[in-house]
Amino acid sequence: MMRNTISILIICLLLGCNSRKEKKTSELANTESNEVVESNDLEPNLDGIWGLNNYFDKILSDKEIAKHRVQAPSWFAILLEIKNDSITSYGSIIELEEKLNHNSDTLTVFESFGGKYALIKKSDKLHLKQYRNQDIIDSITYIFSKRNDLKILLENQDRVHKINSNITTYFNENLISGNYQNLNNNEIVTFEKNGNLKNFNGFDKYEVRNYFGTLHPHKNLDVITLTNSKQNTYKQFNWKFKDNKLVLTEFIHETIDYKGKKEITDGFVLGKNRIELKLKNH
């Protein structure tokens, strides 16, 4: 105990840190040895919108949502909005509000799903790193970039999961929208950026599942819902890009054996109905 106390005092003397920074810095997990305090002169204004690269960039490059939504920070910090000395984080489950410490490399600490994470200034980026001694270890360094183009995601917010609808619209537009040739009948299908759907088996609306909230019965597979608004009916498909094709596989209710009988569950599995759409342009 005495040796730990002396070590902490030595670190504070060397780094000139205050008591609050001492606690945060000493607990940080996997901190790079060359992590240094950034001068305020190098980052004169942090105000603005910051997007989580590990979420937005990876989803768009991999053309997959489900596997990237399981990152702990995506639950509470997909987007950051910084104003003066305060920060608001928006996630797929909750939002958080914290104060900023501009006099430290550690701007603030988020305590949420996945434990405690420190937000650190690093040149023109922000790094998010997990503290030590958390129940579930996360060794990834998460990167935020300033993204003025994502400011639209904070407009007209929902009452629950504030950016839910806007994130859906964003992925509709940036992942799915475009013209496709239906290889089943050679007809041209159009997924419009606004969520409208043309010339596709009577469906006139579409919506990708953004995996907000906590109810996920599709076994972490990517989901798109096609709707016939006139008949008030819909079908859900797994969507997956293979080269220049969008492959849709219909979901069906999962059936299990229970006491010698077949029982239909609330979960979904992939069925046999499959549609291939060849991308014409985007």
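Residues numbered from 1 in each chain as written. Predicted model: local features only at pLDDT ≥ 70, side-chain atom pairs only at ≥ 80, totals over all residues. Heavy atoms only, no water.

1. As for the packing of aromatic side chains
Describing an aromatic ring pair means giving the distance of the ring centres and the angle of the ring planes. Scanning the entire structure with this criterion turns up 14 aromatic pairs. Measuring from ring centre to ring centre gives 5.2 Å for Tyr 55 and Phe 56, while their planes differ by 90°; the resulting arrangement is edge-to-face. As far as the burial class goes, Tyr 55 and Phe 56 line up, both buried. Centre to centre, the rings of Trp 75 and Phe 113 are 6.2 Å apart; their planes meet at 85°, and the pair counts as edge-to-face. Note that Trp 75 is positioned in the loop between α3 (53-62) and β2 (79-83) and Phe 113 in the loop between β5 (106-112) and β6 (115-122), a separation of 38 residues in sequence. Accessibility expressed as a relative area gives 23% for Trp 75, which makes it partly exposed. Here the aromatic cluster, defined as three or more aromatic residues joined through ring pairs, consists of Tyr 180, Phe 191, Phe 200, Phe 203 and Tyr 206. It is Lys 63 that lies over the ring of Phe 241; its NZ or CZ is 5.0 Å from the centre. When the ring centre of Tyr 211 is taken as origin, the NZ or CZ atom of Arg 209, which lies over that ring, is 5.3 Å away. (Phe/Tyr/Trp six-rings, centres within 6.5 Å; stacked < 30°, edge-to-face > 60°. Buried < 20%, exposed > 50% of the residue type's maximum accessible area, 1.4 Å probe, protein only. Helix = DSSP H or I, 4+ residues; strand = E, 2+ residues; numbered from the N terminus. Lys NZ or Arg CZ within 6 Å of the ring centre and 35° of its normal.)

2. Examining helix α4 (residues 164-176)
With 13 residues, α4 extends 17 Å between its outermost C-alpha atoms, agreeing within 8% with the 18 Å of an ideal straight helix rising 1.5 Å per residue. By the burial criterion, the buried members of α4 are Asn 166, Ile 167, Thr 168, Tyr 170, Phe 171, Asn 172, Leu 175 and Ile 176. (Expected span 1.5 Å × (residues − 1).)

3. A word on the sheet that holds strand β3 (residues 86-90)
Two orientations exist for strands paired in a sheet by backbone hydrogen bonds: parallel and antiparallel. The antiparallel open sheet is built from eight strands, whose spatial order is β4-β3-β2-β1-β8-β7-β6-β5. Strands at the two margins of the open sheet, each flanked by one partner only, are β4 (95-99) and β5. Neighbour to neighbour, the strand axes of the sheet diverge by 25° on average, direction disregarded. Direction of pairing for strand β1 (residues 48-52) relative to strand β8 (residues 142-146): antiparallel, over a ladder of three bridges. Counted as the bridge partner of Leu 52 is Phe 144 from β8. This element, α3, spans β1, β2 and β8 of the sheet and lies at about 60° to β1. (Pairing = 2+ DSSP bridges. Axes fitted to C-alpha atoms, helices over the stretch in contact; angles between N-to-C directions. Contact = heavy atoms within 4.5 Å.)

4. Thoughts on the nonpolar core
Counting residues in hydrophobic clusters, the biggest one holds 54 residues, and the most contacted among them are Leu 79, Ile 176, Phe 191, Ile 224, Leu 226, Trp 239 and Leu 248. At five residues, α4 tops the list of elements feeding residues into this core. When near neighbours in sequence (up to four residues on either side) are disregarded, Leu 79 contacts Ile 49, Trp 50, Gly 51, Phe 56, Thr 88, Ser 89, Tyr 90, Leu 150, Leu 153, Leu 154 and Ile 163. Listed in part, the five residues of the second largest apolar core include Ala 66, Tyr 211, Phe 251 and Phe 268. (Core = buried A, V, L, I, M, F, W, Y, C linked by side-chain atoms within 4.5 Å.)

5. A word on the confidence of the model for the chain
Here the chain shows a mean pLDDT of 87. Residues at 70 or above account for 84%. This model gives residues 1-42 a pLDDT under 50, and the stretch forms 50 contacts once residues within four places in sequence are excluded. (pLDDT = per-residue confidence, 0-100.)

6. A few points about unusual backbone geometry
Even without glycine at this site, Lys 63 takes up a positive phi of about 55°. Position of Lys 63 among the secondary structure elements: in the loop between α3 and β2. Positioned with a positive phi, Asn 201 is a non-glycine residue whose angle comes to about 55°. In this structure, Asn 201 sits in the loop between β11 (196-200) and β12 (203-208).

7. Quick notes on the side chain of Ser 104
Assignment of secondary structure puts Ser 104 in the loop between β4 and β5. Only 3.3 Å separates the side chain of Ser 104 from the side chain of Asp 105, close enough to count as a polar contact. A distance of 3.0 Å separates a polar atom in the side chain of Ser 104 from the backbone nitrogen of Thr 106. (Polar contact = N/O pair within 3.5 Å; in protein donor to acceptor, adjacent residues only side chain to side chain.)

8. Digging into the packing of α3 against α4
It is at 10 Å that the axes of α3 and α4 come closest, and there the two elements cross at 35°. Between α3 and α4 lies a crossing whose hand is right-handed. For the pair α3 and α4, contact is made by Tyr 55, Phe 56, Ile 59 and Leu 60 and by Ile 167, Tyr 170, Phe 171, Asn 174 and Leu 175, respectively. Of the residues belonging to the contact of α3 with α4, the class tally is eight nonpolar, one polar and no charged. (Left-handed = near helix turned anticlockwise from the far one by under 90°. Nonpolar A, V, L, I, M, F, W, Y, C, P; charged D, E, K, R; others polar.)

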